[in-house]
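What follows is the residue order along each chain.
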Amino acid sequence: MHGRRPVTEVPDVVGLAPDDACEIVRRAGLLPVPPDGVDELPMSGIVTTQRPVGAAGAVEGAEVVLWVHPGKESPVGAGVTGPLETGSPDPA
C-alpha cells in the first residue's frame, strides 16, 4: 500500500541566481532540473522561467524545470519566450 505524497508549494525562483534557486527548490522538497536537451544547470546567470510556476502545488519530490540566461547582467525576463508587457511604441 502506497500513501499519497504530500503536496508542497513551488517557490518562485525567477530572477535568482541558479545556485540560490536550486537550494530554495530543494528546501521545498522538490528537484531542480534543466530543460530538455540541456545536460546540467549553469551555476551563473539568472533564472528567467520555471515550470511549474511559483505558488503552484506539486507533490513532494517533483521536478521543477529551470531555464537560465547565462549573463549576470541580463535583465529579468531576458530569454523568456512569450509575450512581454511593454509600453506604447514611440510614435516618432
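As a reminder, the structure under discussion sits directly above these lines.
In short, a report on the structure.

1. Concerning the nonpolar core
For step 1, the next point in the chain: Counting 14 residues, the largest nonpolar core has Val13, Leu30, Val47, Val64 and Leu66 as its most contacted members.
For step 2, the next point in the chain: When residues of this core are traced back to their parent elements, those giving at least two are α1 (18–27) and β5 (63–69).

2. Some thoughts on α1
For step 1, the next point in the chain: Residues of α1 that are buried: Pro18, Ala21, Cys22 and Val25. Here the buried residues of α1 occupy an arc of 100° about the axis, which is enough to place them on one side.
For step 2, the next point in the chain: Each element contacted by the buried residues of α1 is listed here: β2 (31–33), β3 (46–51) and β5.
For step 3, the next point in the chain: Two residues or fewer past α1, Gly29 is found with a positive phi of approximately 85°.

3. Some words on the pattern of salt bridges
For step 1, the next point in the chain: All chains considered together, the criterion is met by one salt bridge.
For step 2, the next point in the chain: The shortest N-O distance in the salt bridge between Glu23 and Arg27 comes to 3.3 Å. Taken together, the residues span about one helical turn, with Glu23 and Arg27 both in helix α1 at a distance of four residues.
For step 3, the next point in the chain: Given a relative accessible area of 63%, Arg27 falls into the exposed group.

4. Considering unusual backbone geometry
For residues that are not glycine, phi is negative in most cases, and the peptide bond is trans in most cases.
For step 1, the next point in the chain: Here the bond from Arg51 into Pro52 is cis, since omega is 0°, no more than 30 degrees from zero.
For step 2, the next point in the chain: Take Pro52: it is sitting in the loop between β3 and β4 (57–59).
For step 3, the next point in the chain: Its identity as a non-glycine residue notwithstanding, Ala55 has a phi of 80°, on the positive side.
For step 4, the next point in the chain: Relative to the assigned elements, Ala55 resides in the loop between β3 and β4.

5. What about the pairing of β5?
For step 1, the next point in the chain: Sheet topology places β2 next to β5; three bridges connect them, and they run parallel. Bridge pairing in β5 links Leu31 to Glu63.
For step 2, the next point in the chain: Both β3 and β5 contribute to a ladder of five bridges, which runs antiparallel. Bridged to Val47 within β5 is Val68.

6. Comments concerning the sheet that holds β5
For step 1, the next point in the chain: Spatially, β2-β5-β3 is the arrangement adopted by the three strands of the open sheet, whose pairing is mixed. Strands at the two margins of the open sheet, each flanked by one partner only, are β2 and β3. The sheet shows a mean angle of 35° between the axes of neighbouring strands, direction not considered.

7. Re the environment of Val64
For step 1, the next point in the chain: Tracing the sequence through the fold places Val64 in strand β5.
For step 2, the next point in the chain: Judged by its relative accessible area of 1%, Val64 is buried.
For step 3, the next point in the chain: Sequence-wise, Val64 and Pro35 are 29 residues apart; in three dimensions their C-alpha atoms are separated by 9.3 Å.
For step 4, the next point in the chain: Excluding anything up to four places from it in sequence, Val64 contacts Val10, Val25, Leu30, Leu31, Pro32, Val33, Gln50, Arg51 and Pro52.

So, how was this worked out
- Residues numbered from 1 in each chain as written.
- Predicted model: local features only at pLDDT ≥ 70, side-chain atom pairs only at ≥ 80, totals over all residues.
- Heavy atoms only, no water.
- Core = buried A, V, L, I, M, F, W, Y, C linked by side-chain atoms within 4.5 Å.
- Buried < 20%, exposed > 50% of the residue type's maximum accessible area, 1.4 Å probe, protein only.
- Helix = DSSP H or I, 4+ residues; strand = E, 2+ residues; numbered from the N terminus.
- Arc of directions from axis to C-beta.
- Contact = heavy atoms within 4.5 Å.
- Salt bridge = Lys/Arg side-chain N within 4 Å of Asp/Glu carboxyl O.
- Pairing = 2+ DSSP bridges.
- Axes fitted to C-alpha atoms, helices over the stretch in contact; angles between N-to-C directions.

The values reported here are purely geometric and, on their own, carry no functional implication.
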